[in-house]
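So the chains spell out like this:
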Amino acid sequence: MEKFVGQKREEHSAANDGSTKPLRKKLKVENDEKVKEEEFDPEDDEDTALAEFSHPIPWQKIEAEGLDCDYALLFSKEEADRLFRQLEEEVVYSTGQEAKVQVFGKVYNIPRKQATYGDEGLTYTYSGVKRFACPWTQALEYIRDAVTKTTGHTFNFVLINRYKDGQDHMGEHRDDERELDPLCPIASVSLGAARDFIFRHRDARGKESSRQIEPVKLELAHGSLLLMNSPTNTFWYHSLPVRKKVLVPRINLTFRRIVQPSQK
DNA sequence: TACCACCCAAACTC
DNA sequence: GGAGTTTGGGTGGT
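Under an unreviewed UniProt entry, the name given to chain A is DNA oxidative demethylase ALKBH2, and the organism recorded is Sphaeramia orbicularis. In the Subunit (unreviewed entry) part of its UniProt record, chain A is described as follows: "Interacts with PCNA homotrimer; this interaction is enhanced during the S-phase of the cell cycle. Interacts with nucleolar proteins NCL, UBTF and NPM1. Interacts with XRCC5-XRCC6 heterodimer." Among the UniProt annotations of chain A, the heading Cofactor (unreviewed entry) holds the following wording: "Fe(2+)".

Given below as structure tokens:
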């Protein structure tokens, strides 16, 4: 039986990192219900969504051993639709060698499209490839600022993954590059198709796994924001598995704060 | 039959 | 020197 994140709620008002955050709801991995998109009532958000994000939004806490995430619907459906369309026009994805990866000596096309944007001069190395940040676009700045106002964290870089349908996917990995500011969470904004997202503890992977720890599964909805707080990326791998029934695209933006070696 | 979970392959980086 | 990392394909379960 698949175990999805459920909806046990307890009110609390402060984030674990000590930053000021809006009132949120706490959610533990204790029952078998998915996070439901219907929980979000666009009526609550309609008037303020376009201009102001500092209002409280209903956060859900996702916790397990060494895993600490916050999930919320950041944008109304209408605004998420608009932002999705704008990104489809603005974002330029990698092609050629940058869109390939070498695995076990074989070269494959990456099963999704990728792009990197951020502050001028920033670079980010992952999967052995160094990437330069393109200048922020209007839509990306808007989304970045919305995330900042909501979370209290600032970001200087965004990695964009576009999944054309449920065939496009991403294998299990951790976002634990040394360039990332360890005090800043990774903020993941989803637009388009809702997709399953799976966390697996590093000690519970493979046949010879040392421990039995249940994976944490959630569904990332259109317009949602998932904050991965420290130390989540130390202990937990995450993946976006193939879902053949999904026929429409999804754009995922992971906002990060990068500290270049010269700044350290 | 379709979908999904899980495991494994080897060359390379850090 | 050793641990970790990438994706596609094969296998088995539902």
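After that view of the structure, there is still more to cover.
Engineer: Summarise the packing of aromatic side chains; cite the residues concerned and give the values.
Structural biologist: Under the counting rule described, the total for this entry stands at four aromatic pairs. Ring geometry for Trp136 and Phe255: centres 6.3 Å apart, planes at 10°, overall stacked. Taken together, the residues span a long stretch of sequence, with Trp136 in the loop between strand E9 (129-132) and helix H3 (138-151) and Phe255 in strand E17 (residues 250-256) at a distance of 119 residues. Members of the aromatic cluster, each reached through a chain of ring pairs, are Trp136, Phe155 and Phe255. Over the aromatic face of Tyr142 sits the side chain of Arg82, whose NZ or CZ is 5.2 Å from the ring centroid.

Engineer: Could you give an account of the UniProt feature "binding site: substrate" (unreviewed entry) in chain A, with specific residues and numbers?
Structural biologist: UniProt annotation of "binding site: substrate" (unreviewed entry) refers to Phe104, Gly105, Lys106, Tyr124, Thr125, Tyr126 and Asp176 when read in the numbering used here. Those annotated residues that line the second largest pocket are Asp176. On the secondary structure map, Phe104 appears in the loop between strand E5 (100-103) and strand E6 (106-109). Its place among the elements puts Thr125 in strand E8 (residues 123-126). Discounting residues that sit within four places of it in the chain, Thr125 has contacts with Lys130, Glu177 and Glu179.

Thresholds, definitions, all that
- Residues numbered from 1 in each chain as written.
- Chains lettered and ligands numbered in written order.
- Predicted model: local features only at pLDDT ≥ 70, side-chain atom pairs only at ≥ 80, totals over all residues.
- Heavy atoms only, no water.
- UniProt positions renumbered as here; feature names shortened; annotations may be inferred.
- Phe/Tyr/Trp six-rings, centres within 6.5 Å; stacked < 30°, edge-to-face > 60°.
- Helix = DSSP H or I, 4+ residues; strand = E, 2+ residues; numbered from the N terminus.
- Lys NZ or Arg CZ within 6 Å of the ring centre and 35° of its normal.
- 1 Å grid on protein atoms, 1.4 Å probe; cavity = no way out; pocket = protein on both sides within 12 Å on 5 of 7 lines; lining within 4 Å.
- Contact = heavy atoms within 4.5 Å.

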